[in-house]
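Observations on chain architecture
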Amino acid sequence: MRGPEVQSARFPTAHCSMCDKVVLTYIALNEAGTELRRCVDCDGAISERLEWIGADEVEELGYRFGAPAEKRSGGCGGGGCGSCSR
């Protein structure tokens, strides 16, 4: 169950051209201290307009809240291959 702070929060999303999908975004700083918007999946630069969405919509994009899922032994999707980004 999500806490009330997550349920009422809004999350920044945008289309990532590298991932070719709508993703969550974060802010990074460049060497000059300027804020840059980045994709949480590939760290690529985001230049598209942000859309702020709620927790239910974030989950519809494939993200989840809470403790990480249990890792299975090996194979993609189980966290054993090292290539999973979520």
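The preceding data block contains the structure.
Let me begin by describing the structure that accompanies this report.

**Some details on the overall build of the chain**
In terms of helices and strands, the chain carries two helices and four strands. Traced from its N-terminal end to its C-terminal end, the chain shows the element sequence α-β-β-β-β-α. For the chain, buried positions account for 23% of its 86 residues. At a minimum sequence separation of 6, the contacts of the chain that also span at least 24 residues come to 43%. Of the roughly 6200 Å² that the chain leaves accessible, carbon and sulfur atoms contribute 50%.

**Notes on the sheet that holds strand E4 (residues 51–53)**
Remark on secondary structure: sheet strands pair via backbone hydrogen bonds, oriented parallel or antiparallel. Read across the sheet, four strands follow the order E3-E2-E1-E4 without closing on themselves; strand pairing throughout is antiparallel. The strands lining the two open edges of the sheet, one partner per strand, are strand E3 (35–39) and E4. Direction aside, neighbouring strands of the sheet carry axes that sit 50° apart on average. Summarising the sheet, strand E2 (residues 21–29) and E3 pair through five bridges and their orientation is antiparallel. Of the residues in E3, the one forming a bridge with Ala28 is Leu36.

**As for the pattern of salt bridges**
Tallied over the entire structure, the rule returns one salt bridge. Linking Asp41 and Lys21 is a salt bridge whose minimum nitrogen-to-oxygen distance equals 3.5 Å. In this pair, Asp41 is assigned in the loop between E3 and E4 and Lys21 in strand E2, connecting sequence segments 20 residues apart. Exposure remark for Asp41: the relative accessible area of 15% places this residue in the buried category.

**Describing the packing of aromatic side chains**
With the rule as written, the count across this model stands at one aromatic pair. Ring centres of Phe11 and Phe65 lie 5.4 Å apart, and the angle between their planes is 50°; on these two criteria the pair is classed as tilted. With Phe11 in strand E1 (residues 11–16) and Phe65 in the segment after helix H2 (55–60), the pair connects residues that are 54 residues apart, well separated along the chain. By relative accessible area, which is 23% here, Phe65 ends up partly exposed.

Calculation notes
Residues numbered from 1 in each chain as written. Predicted model: local features only at pLDDT ≥ 70, side-chain atom pairs only at ≥ 80, totals over all residues. Heavy atoms only, no water. Helix = DSSP H or I, 4+ residues; strand = E, 2+ residues; numbered from the N terminus. Buried < 20%, exposed > 50% of the residue type's maximum accessible area, 1.4 Å probe, protein only. Contact = heavy atoms within 4.5 Å. Areas by Shrake-Rupley, 256 points an atom, 1.4 Å probe, with all protein chains shown as cover. Pairing = 2+ DSSP bridges. Axes fitted to C-alpha atoms, helices over the stretch in contact; angles between N-to-C directions. Salt bridge = Lys/Arg side-chain N within 4 Å of Asp/Glu carboxyl O. Phe/Tyr/Trp six-rings, centres within 6.5 Å; stacked < 30°, edge-to-face > 60°.

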